[in-house]
Amino acid sequence: MSSFPEVVELNVGGTPYAVSLKTLAAEEGSWLADTFGAGSPPSDLPVDAQGRFFVDRDGALFRHVLDYLRDPVRYTLPVGFLDRDRLRREAEFFRLAGLVELLAKQVPGCITVGYRGSFQFGRDGLADVKFRKITRLLVHGRVALCREVFGDTLNESRDPDHGASDRYTARFFLKHVFIEQAFDMLQEQGFRLVGSCGSGTAGSVSENLKPGVDTEENRWNHYNEFVFVRD
């Protein structure tokens, strides 16, 4: 007979859990099944001061491991989940092949990045030229997908409808104006550029300018959009 109780108390990276022995041993061949389905605790399995079995892994992410073990067929990641890579490392450690395979699959979708800016010229028209002056990077797409890609660099303060993550919005923008950084983040998440467009507006030189705005710069405002897709 097993010396483990039917309900096992764990301390995973400082986070306490109470889990049924059946759940822990649900996936044959996993680290958890080999450890807690072996009949008796391994000699190298430590316990904390409260007598809970200690596992030195990410305590916050372990709840997703348990959710998967409870119902692996119907398990899905939470909408807007941002720790896919970290959870994959946990799944690999626990040898949960099904969860590793699920995390390897990327949700398809489309994200559009746009920016408003101006052509900025040096004072003498040629020297010290700064071709692109970006004032804001806009992000359009499904909320969950935008959060997955851009994480804490995403500014949601202008989005009027704070609610379900499975909706779409055209009101996000980034906290920085480095368009190459945005492109790198999209590429890292498996997106590819499929289209782009741009438009320019030439204002009148007689327009009242804001302090510090160059006349030539004001005349050549432009807007560009880049469409990225992940299959």
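Residues numbered from 1 in each chain as written. Predicted model: local features only at pLDDT ≥ 70, side-chain atom pairs only at ≥ 80, totals over all residues. Heavy atoms only, no water.

Draft legend 1. How the structure looks around the pattern of salt bridges. Following the criterion strictly, the structure yields 12 salt bridges and no others. Residue Asp159 pairs with Arg167 through a salt bridge whose shortest N-O separation is 2.7 Å. Taken as a pair, Asp159 and Arg167 share a single burial class, namely buried. Residue Arg192 is joined to Asp231 by a salt bridge in which the shortest nitrogen-to-oxygen separation is 2.8 Å. With Arg192 in strand E8 (residues 192–202) and Asp231 in the segment after strand E9 (220–230), the pair connects residues that are 39 residues apart, well separated along the chain. Ionic contacts of the salt-bridge type, sharing partners, join the residues Asp58, Asp83 and Arg86 into one network. (Salt bridge = Lys/Arg side-chain N within 4 Å of Asp/Glu carboxyl O. Buried < 20%, exposed > 50% of the residue type's maximum accessible area, 1.4 Å probe, protein only. Helix = DSSP H or I, 4+ residues; strand = E, 2+ residues; numbered from the N terminus.)

Draft legend 2. Just helix H4 (residues 84–93), in detail. Within the sequence span of H4, burial applies to Arg84, Leu87, Glu90 and Ala91. For H4, the angular spread of the buried residues around the axis is 120°, confining them to a single face. Trailing H4 by a residue or two, Arg95 shows a phi angle of about 55°, which is positive. (Arc of directions from axis to C-beta.)

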